[in-house]
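The chain contents come next:
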Amino acid sequence: MAIEFAASWGTTLGVEWELQLVDAQTKHLRQEARQVLAALPALSEQGRFPRLRHEIMESTVEVVTDVCHTVGEAVADLAASIDALREVTRPRGIELACTGTHPISDWRDAVLSPVQRYIDLVEQVQWPARRIQTFGVHVHVGVTDRDKVIPIVNALAAYLPHFLALTASSPYWKGHDTGLASARAMVFGQLPTAGPPHLLADWDEFSEYMATLLRAGAIRSIKEVWWDVRPHPDFGTVEIRMFDGVPTLREVGMAAALCQCLVTLFDQQLDRGYTLPRPAAWVVRDNKWRATRYGLDAIVITDDRGNTTPLRDDLYELIRELEPVADRLGCAEHLKVAGEVLDQGAPYERQRAIRAEGGTLEDLVGAAVIELAEDRFVGPREVGHDGG
């Protein structure tokens, strides 16, 4: 089985942002994506790649960019779609928010979207799929040559804890503090083809592995392989799926900048004849768990001999390393937001700070609504303890 890869001309970008539909009064999720999307046919129905789409549950509207060349272009694309979306949601008493899980809504109350592939997924997988009332950010970055894809996927696997810790936003699940920075990583990771990417040798091995899964009946399409970082042959990209849902557009821009800078760096290193690092699979798995549990306070493994370093320190070093690349790509200001997150708190830390000041779970949702609407971080004393 030969899988064709539609190579991109450069490290282009595409971003997918899964937004919650939140009742303005109760702060619970509203299962009304079908009605919202029906009111915006120009954005949700036209063309091959509509800007607004269903996700697996009706509590979600996914906002999708066109192919973009810069992070700034992607951010502006998302902002325009969200403005149009709000014109429909606010008159209905619905606000928009994004965190990896909703702190108080119960997945058992979720309504499945009317998309056949999601209906088929739930029928096949059952309970693990029914629980996926989760929200994330996915970033596609173009790759210029098929033979670069697998080395880049392998190299990106070392950064799963970095991606997750900066954006972890789901400590609460069904009204309880899970003790994790990202409950979403655990919930979504229970799908049979989810989790860290398989570290393969090259594109031919990837093609053969996909063919094996198809022959075995493990998948019906390679689109059902939901790795944390995966090749997307039709788009000519690698897709980074490790990010939790984040509350602000600024943090989405940060995630896109981080991805575009890393892929650009790796692409250039391959052009210069370098061999990209390929971390040990056990290191990748363990580091993802550490970021899932401890977020930015994780101590991550740096090599297959078991040496470690604080993830915060590693992130500061990574930001500095990527600054020259970001300058060339025009996304330096977006990348700097990572430093603000390290200094002011990742979303899970901001949520717990509100709780520590006596805030309710409804206050957490109210803060997420404000963060998205005003594109800024909300401090623990800014949210009234009356549900927002």
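Here the residue numbering is sequential within each chain, running from 1 through the sequence in written order. pLDDT decides what is reported in this predicted model: residues at 70 or higher carry local features, side-chain atom pairs at 80 or more are listed and counted, and totals for whole chains, interfaces and linings draw on all residues regardless. Derived side-chain values reflect all non-hydrogen atoms in the structure, with water molecules and hydrogen atoms excluded from consideration.

A. Spatial organisation of the overall build of the chain. Only runs of H or I of at least four residues qualify as helices and only runs of E of at least two qualify as strands under DSSP, and these elements are numbered from the N terminus. The helix and strand inventory of the chain stands at 15 helices and 13 strands. Here the C-alpha atoms of the chain give a radius of gyration of 20 Å, agreeing with the 21 Å that 2.2 N^0.38 yields for 388 residues. Principal-axis analysis of the C-alpha atoms places the extent of the chain at approximately 60 × 45 × 35 Å. Looking at the chain as a whole, 58% of its 388 residues are labelled buried. Throughout, a contact is declared for two residues whenever any of their heavy atoms are within 4.5 Å. Put simply, 77% of the contacts in the chain that link residues at least 6 apart link residues at least 24 apart. Under the convention used here, Asp and Glu are negative, Lys and Arg are positive, and both His and the chain ends fall outside the count. Charge placement uses NZ in Lys and CZ in Arg. For Asp and Glu, CG and CD serve respectively. Of the side chains in the chain, 39 bear a positive and 56 a negative charge, and the two mean positions are spaced by 3 Å. The globule rule used here is 2.2 Å times the number of residues to the 0.38 power, and the radius of gyration it is set against is calculated over C-alpha atoms. We call a residue buried when its accessible area falls under 20% of the maximum for its residue type, exposed when it is over 50%, and partly exposed in between, using a 1.4 Å probe and counting protein chains only.

B. Main features of helix H12 (residues 311-329). With 19 residues, H12 extends 25 Å from end C-alpha to end C-alpha; this agrees with the ideal 27 Å at 1.5 Å per step. Buried residues belonging to H12 abut helix H7 (160-167), helix H10 (249-271), strand S12 (299-301), strand S13 (308-310) and helix H13 (332-344). Trailing H12 by a residue or two, Gly330 shows a phi angle of about 80°, which is positive. Each residue after the first adds 1.5 Å to the expected span of a helix.

C. Quick look at the side chain of Glu55. Within the secondary structure, Glu55 is located in the loop between strand S2 (52-54) and strand S3 (60-64). What counts as a salt bridge is simple: a side-chain nitrogen of Lys or Arg found within 4 Å of a carboxyl oxygen of Asp or Glu. Buried and without a salt bridge, Glu55 has Arg117 as its closest oppositely charged side chain, separated by 5.4 Å. Those residues within four positions of Glu55 in sequence are excluded, and the remaining contacts are Glu18, Thr60, Glu62, Ser113 and Tyr118.

D. Fine view of the nonpolar core. Residues Trp17, Leu156, Phe163 and Val238 are the most contacted members of the largest nonpolar core, which totals 112 residues. When residues in this core are grouped by element, the largest group, 13 residues, is from H10. Nonpolar cores are built from buried Ala, Val, Leu, Ile, Met, Phe, Trp, Tyr and Cys residues. Side-chain atoms within 4.5 Å join them into one set. Membership of the second largest hydrophobic core comes to 13 residues, among which are Tyr118, Ala129, Ile132 and Leu191.

E. Representation of the environment of Pro192 in the model. As for its position among the elements, Pro192 is in the loop between helix H8 (183-188) and strand S8 (194-195). On the basis of relative accessible area, Pro192 is assigned to the exposed category, the value being 64%. Pro192 sits 32 residues away from Glu224 along the chain, and the two C-alpha atoms are 9.6 Å apart.

F. Molecular detail of unusual backbone geometry. Look at Lys27: it is not a glycine, yet its phi comes out positive at around 70°. Structurally, Lys27 can be placed in the loop between strand S1 (13-23) and helix H1 (33-38). Residue Lys27 is classed as buried on the basis of its relative accessible area, which comes to 11%. A positive phi angle, close to 65°, is found at Gln126, a residue other than glycine.

G. Layout of the packing of aromatic side chains. Stacked, tilted and edge-to-face are the three classes applied to pairs of Phe, Tyr and Trp rings, where Trp contributes its six-membered ring and a pair requires centres within 6.5 Å; stacked means planes under 30 degrees apart, edge-to-face means over 60, and tilted covers the rest. Tallied over the entire structure, the rule returns 8 aromatic pairs. Relative to Phe266, the ring of Tyr159 lies with its centre 6.3 Å away and its plane at 40°, an arrangement referred to as tilted. Here Tyr159, found in the loop between helix H6 (146-156) and H7, pairs with Phe266, found in helix H10; they are 107 residues apart in sequence, far enough to count as distant. Phe266 shares its class with Tyr159; the two are buried. With a centroid separation of 6.3 Å and an interplanar angle of 65°, the aromatic rings of Phe206 and Trp227 are classed as edge-to-face. Of this pair, Phe206 sits in helix H9 (residues 203-216) while Trp227 sits in strand S9 (residues 226-227), and the two are 21 residues apart along the sequence. When sorted by exposure, Phe206 lands in the same class as Trp227, which is buried.

H. Here's a closer look at the side chain of Ser105. Topologically, Ser105 is positioned in the loop between strand S4 (94-97) and helix H4 (116-125). At 3.0 Å, the side chain of Ser105 forms a polar contact with the backbone nitrogen of Leu29. The contact partners of Ser105, leaving out residues within four places of it in the chain, are His28, Leu29, Gln133 and Lys174. Within 3.5 Å is the distance limit for a polar contact, defined as a pair of N or O atoms, with the added protein rule that one can donate a hydrogen and the other accept it, and that residues adjacent in sequence qualify only through two side-chain atoms.

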